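Observations on the three-dimensional arrangement
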Amino acid sequence: TEETLVLVKPDGVARGLTGAILARIEAKGYALVDIRLVEPDRETLARHYAEHEGKPFYEPLLEFMLSGPSVAIRLAGNRVIEGFRSLAGTTDPTTAAPGTIRGDFGRDWGLKVQQNLVHGSDSVESAERELAIWFA
Ligand code: GTP
Ligand code: MG
């Protein structure tokens, strides 16, 4: 069965939305394989976000991810990678569809990075790479 990495990012944890987000994941039917509160260092985040190095939002993204704890979740189920990204909604929370995590709980806070509550791996290769980082 397929697995993916989900992160409830610092904005989601700080706003007390971890439970609401987990409830949607569980209601959808995916299995929680592992879950932990994480406080990653810069090196861990640089590995996780290596594909974005050099982009204008890279430094603000790392600063944001360093701003507080996240919750890392190992999720399993058929097509869970695609399924969780569908639950999460598109990257920009202002326009993410209502009914999605980002669409229902997110907005533009006028910051340099899109605070969009969750991360989900975008491919089987990304999921394997990211799970090795967060659940070493
Ligand atoms: P993740 O599930 O977090 O990887 O989101 P994603 O796959 O929808 O987005 P992507 O991997 O392209 O970007 C990673 C993160 O960088 C996003 O979740 C945002 O927090 C931030 N980000 C991405 N694109 C932009 C952008 O154009 N502007 C700003 N300010 N932030 C961005
Ligand atoms: Mg991504």
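As the structure is a prediction and not an experimental result, all values here were calculated from the model.

Criteria and cut-off values
Residues numbered from 1 in each chain as written. Chains lettered and ligands numbered in written order. Predicted model: local features only at pLDDT ≥ 70, side-chain atom pairs only at ≥ 80, totals over all residues. pLDDT = per-residue confidence, 0-100. UniProt positions renumbered as here; feature names shortened; annotations may be inferred. Helix = DSSP H or I, 4+ residues; strand = E, 2+ residues; numbered from the N terminus. Contact = placed C-beta atoms within 7 Å. Buried ≥ 20, exposed ≤ 12 C-beta atoms within 10 Å, placed from the backbone.

**What about the confidence of the model for the protein chain?**
Across the protein chain, the average pLDDT comes to 97, with 100% of residues at or above 70. At the level of chain-chain contacts, confidence expressed as ipTM amounts to 0.89, with global pTM at 0.96.

**Section: the UniProt feature "binding site: ATP" (unreviewed entry) in the protein chain**
According to UniProt, the "binding site: ATP" (unreviewed entry) feature falls on Lys-9, Phe-57, Arg-85, Thr-91, Arg-102 and Asn-116. Structurally, Arg-85 can be placed in helix 5 (residues 80–88). Contacts of Arg-85, omitting those with residues within four sequence positions, involve Gly-120 and Asp-122. Within the element layout of this structure, Arg-102 appears in helix 6 (residues 101–105). A count of 23 C-beta atoms within 10 Å places Arg-102 in the buried class. Leave out the neighbours within four places in its chain, and Arg-102 touches Ala-88, Gly-89, Thr-90, Pro-93, Ala-96, Asn-116 and Leu-117.

**What about the environment of Phe-135?**
As for its position among the elements, Phe-135 is in the segment after helix 7 (124–134). Put simply, Phe-135 and Ile-73 are 62 residues apart on the chain and 8.9 Å apart in space, counted from C-alpha to C-alpha. With residues near it in sequence (within four places) discarded, Phe-135 still touches Asp-34 and Arg-74.

**Some words on the UniProt feature "active site" (unreviewed entry) in the protein chain**
Mapped onto this numbering, the UniProt entry annotates "active site" (unreviewed entry) at His-119. Locating His-119 in the fold gives a position in strand 4 (residues 118–120). Other than its neighbours up to four places away in sequence, His-119 contacts Val-6, Leu-7 and Lys-9.

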